[in-house]
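Observations on the model geometry
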Amino acid sequence: MMRTYELSTKERDGMIDVTSYVREAVAESGVREGYAIVYCPHTTAGMAINENADPDVVSDVLRRFDELYPWEHRLDRHAEGNTAAHLKAITTGTSQTVLISGGRLVLGTWQGIYFCEFDGPRRRKFHVKVIGD
């Protein structure tokens, strides 16, 4: 089973907790044992699993990405001017795989699944594919 979700991002950079959407897809699927693949079909956005208890983690991650990949760089040649967004998306990757056991996502106590926006605000999609054993 595959579900597609849409969301609207509000800022140029942001991390949106989409764990509840993935849980919803797993519940709908009825899969008890297997895995869920969460996939982002955009070149300037990505998916990540990280801490979702302390919001400072998200702000720290985004700040450090900006330090590593500044939005403007004198040598960038990409006409759209969003090379930093492409680099951040490459770093996070396009997908995450999460195990399912007993009909529930197998995540650590403090883990959440994030849609990472690096070139917003935009209307975005992500897909959740649930596969049973």
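Just so we're clear, the structure is a prediction, and the values are computed from it rather than from any experiment.

Sheet strands line up and pair through hydrogen bonds in the backbone, either parallel or antiparallel. Read across the sheet, 5 strands follow the order E1-E8-E3-E5-E6 without closing on themselves; strand pairing throughout is antiparallel. The open sheet is flanked by strand E1 (2-8) and strand E6 (104-105), the only strands paired with a single partner. With 2 bridges connecting them, strand E5 (residues 95-101) and E6 associate as antiparallel partners. Of the residues in E6, the one forming a bridge with Ser101 is Arg104.

The 3 strands lie next to each other as E2-E7-E4, forming an open sheet whose pairing is antiparallel. Edge positions in the sheet fall to strand E2 (14-17) and strand E4 (45-51), since each of these pairs with one other strand and no more. Shown here is a sheet whose adjacent strand axes are inclined to one another by a mean of 35°, direction ignored. Bridging between E2 and strand E7 (residues 111-117) involves 4 bridges; their strand directions are antiparallel. Each residue of the ladder has a partner; that of Gly14, found in E7, is Glu117.

Scanning the model with the defined rule gives 12 salt bridges in all. Here Lys88 makes a salt bridge to Asp13, at a shortest N to O gap of 3.1 Å. Within this pair, whereas Lys88 is found in helix H3 (residues 83-92), its partner Asp13 is found in the loop between E1 and E2, the two being separated by 75 residues in sequence. The burial state of Lys88 is the same as that of Asp13; both residues are buried. Among the ionic pairs, Glu117 bridges to Arg124, the shortest N-O distance being 2.7 Å. According to the relative accessible area criterion, Glu117 is buried, its value standing at 1%. What you see here is one network of salt bridges that share partners, running through Arg12, Asp13, Asp66 and Lys88.

Conventions we followed
- Residues numbered from 1 in each chain as written.
- Predicted model: local features only at pLDDT ≥ 70, side-chain atom pairs only at ≥ 80, totals over all residues.
- Heavy atoms only, no water.
- Pairing = 2+ DSSP bridges.
- Helix = DSSP H or I, 4+ residues; strand = E, 2+ residues; numbered from the N terminus.
- Axes fitted to C-alpha atoms, helices over the stretch in contact; angles between N-to-C directions.
- Salt bridge = Lys/Arg side-chain N within 4 Å of Asp/Glu carboxyl O.
- Buried < 20%, exposed > 50% of the residue type's maximum accessible area, 1.4 Å probe, protein only.

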